[in-house]
Amino acid sequence: MELVCPAGNLPSLKAAVDNGADAVYFGLRDDTNARHFPGLNFNERLAAQGIDYARSRGRRVFMAINTYPQASGWQRWQSAVDSAARLGMDALILADIGVLDYAANRWPDLNLHLSVQASGTNHEALAFYIEHFGIKRAVLPRVLSLAQVRSVIGNTDIGIEIFGFGSLCVMVEGRCILSSYVAGESPNTYGACSPAKAVEWVETPDGGRESRLAGLLTDRYAAAEQTGYPTVCKGRYRVGDDTYYAIEEPTSLNTLELLPDLMQAGVEAIKIEGRQRTPAYVAQVTRIWRDAIDSCRADPDRFRVLQQWSSELGRVSEGTQTTLGPYHRPWQ
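The structure reproduced in this document is the subject of the present report. (Residues numbered from 1 in each chain as written. Predicted model: local features only at pLDDT ≥ 70, side-chain atom pairs only at ≥ 80, totals over all residues. Heavy atoms only, no water.)

### Notes on the overall build of the protein
- The helix and strand inventory of the protein stands at ten helices and 15 strands.
- The C-alpha radius of gyration of the protein comes to 20 Å, within 12% of the 20 Å expected for a compact globule of 332 residues.
- Taken over the C-alpha atoms alone, the protein extends approximately 60 × 55 × 40 Å along its principal axes.
- Put simply, the protein has 332 residues, and 54% of those count as buried.
- For the protein, the proportion of contacts with a sequence separation of at least 24, taken over those separated by at least 6, is 64%.
- Taken together, the 33 basic and 38 acidic charged side chains of the protein have centroids lying 4 Å from each other. (Helix = DSSP H or I, 4+ residues; strand = E, 2+ residues; numbered from the N terminus. Rg over C-alpha atoms; globule rule 2.2 N^0.38 Å. Buried < 20%, exposed > 50% of the residue type's maximum accessible area, 1.4 Å probe, protein only. Contact = heavy atoms within 4.5 Å. Lys, Arg positive; Asp, Glu negative; His and termini not counted. Charge placed at Lys NZ, Arg CZ, Asp CG, Glu CD.)

### Observations regarding the pairing of strand β2 (residues 23-26)
- Taking every second residue as pointing to the same face, both faces of β2 are buried, with Ala23 and Tyr25 on one and Val24 and Phe26 on the other.
- Here strand β1 (residues 2-6) pairs with β2 via three bridges, running parallel. When the sheet's bridge partners are listed, cysteine 5 is paired in β2 with valine 24.
- Where β2 lies against strand β3 (residues 60-65), four bridges are found, and the strand directions are parallel. (Pairing = 2+ DSSP bridges.)

### Considerations on the pattern of salt bridges
- Tallied over the full model, the rule gives 18 salt bridges.
- Here lysine 197 makes a salt bridge to glutamate 185, at a shortest N to O gap of 3.1 Å. In this pair, lysine 197 is assigned in the loop between α7 (178-183) and β8 (199-203) and glutamate 185 in the loop between α7 and β8, connecting sequence segments twelve residues apart.
- Between glutamate 210 and arginine 212 there is a salt bridge; the shortest N-O distance is 3.1 Å.
- Exposure remark for glutamate 210: the relative accessible area of 10% places this residue in the buried category. (Salt bridge = Lys/Arg side-chain N within 4 Å of Asp/Glu carboxyl O.)

### Here we look at helix α10 (residues 307-315)
- Turning to α10, its buried residues number three or more, namely Trp309, Glu312, Leu313 and Gly314.
- The inward-facing, buried residues of α10 abut β7 (159-167), β13 (252-254) and α9 (279-298).

### Description of the sheet that holds strand β9 (residues 209-213)
- Strand order in the open sheet made by the three strands is β8-β9-β10, with antiparallel pairing throughout. Edge positions in the sheet fall to β8 and β10 (216-221), since each of these pairs with one other strand and no more. For this sheet, the mean angle separating the axes of adjacent strands, direction not counted, is 25°.
- Sheet topology places β8 next to β9; five bridges connect them, and they run antiparallel. Bridging across to β9, valine 202 finds its partner in glutamate 210. (Axes fitted to C-alpha atoms, helices over the stretch in contact; angles between N-to-C directions.)

### What to know about the packing of aromatic side chains
- One pass over the structure, following the stated rule, counts eight aromatic pairs.
- Ring geometry for tryptophan 74 against tyrosine 102: centres 6.3 Å apart, planes inclined by 85°, an arrangement best described as edge-to-face. Remark: tyrosine 102 occurs in helix α4 (residues 97-106) and tryptophan 74 occurs in helix α3 (residues 74-87); sequence separation between them is 28 residues.
- On the accessibility criterion, tryptophan 74 (28% relative accessible area) is partly exposed.
- Plain terms: the ring middles of tryptophan 201 and tyrosine 221 are 6.2 Å apart, the flat faces sit at 40° to each other, and that makes the pair tilted. (Phe/Tyr/Trp six-rings, centres within 6.5 Å; stacked < 30°, edge-to-face > 60°.)

### Considering the packing of helix α1 (residues 10-18) against α9
- Between α1 and α9, the shortest axis-to-axis distance is 8 Å and the interhelical angle comes to 15°. Between α1 and α9, the angle falls in the class roughly parallel. Crossing handedness for the pair α1 and α9: right-handed. In this structure, α1 uses Pro11, Ser12, Ala15 and Ala16 to contact α9, whose residues at the interface are Pro279, Val282, Ala283 and Thr286.
- Taken together, the residues of the contact of α1 with α9 sort by class into six nonpolar, two polar and no charged. (Parallel < 35°, antiparallel > 145°, perpendicular 65-115°, else oblique. Left-handed = near helix turned anticlockwise from the far one by under 90°. Nonpolar A, V, L, I, M, F, W, Y, C, P; charged D, E, K, R; others polar.)

And the structure:
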């Protein structure tokens, strides 16, 4: 089982590699990737440095080109694919059918992975991408139960990658429209669900603060309360007489306890979310998951989640809490 870890910048890439990632993934500094934030991502020079660093240590490098181009900007997505080919990436993570078609025909030797943003949730959908674009792996959306993951794996010949740890989203990947409704830019095309230019923090008279997105009040925090990056879906809103997380409560996915089941099911790779997080976060989460995967591989029948792992992951989780998310549906 391959451990695939995020690299929002070169220090994060090195942190992932040094702490046991089998592969790292990153994007370019534009709207072709779904973590398009100021100060993040790579140009070709930094990408080449990162590739050299990873390859010299026996690790693989993937590039995410996983947003949906509009006609006016199509050349940027073509250029991103061309850059990946020149750099000799181990794989491209793609979502849009047009980009997949361009990559498969212009660079037939490129190894193509289907992004979670493509929202391929069943083996029939994957069969389409295999037939037309020759994908070698698919990243499944975080909406499937473990039984559904098993079903997909049992009915396809390509590798299946799933998210093991990181932020969750109430939306089906590749289908969010909340941000574009509020901020005027879609995460599916612009690459950020809360564009930095739309984010505002306002101090309150009682020592707390408010978060706003394009002027919309998304949350209000007490003085000592932990704050999170403002998104529309994870804000607190007044509904009737109550104020609460009306759409989605901030929490992180953590599937450590499912590792034996995931290995038995034939999951090819575990992905860690977090290209927007710090190198320290990447190092800590990668190290824990490396230890856990190695422990489970050595003796899956006796595998147990260590309290130290859970405590450390809990501290860096969104909302400082974790969940098995949709993977755990005991009624299925």
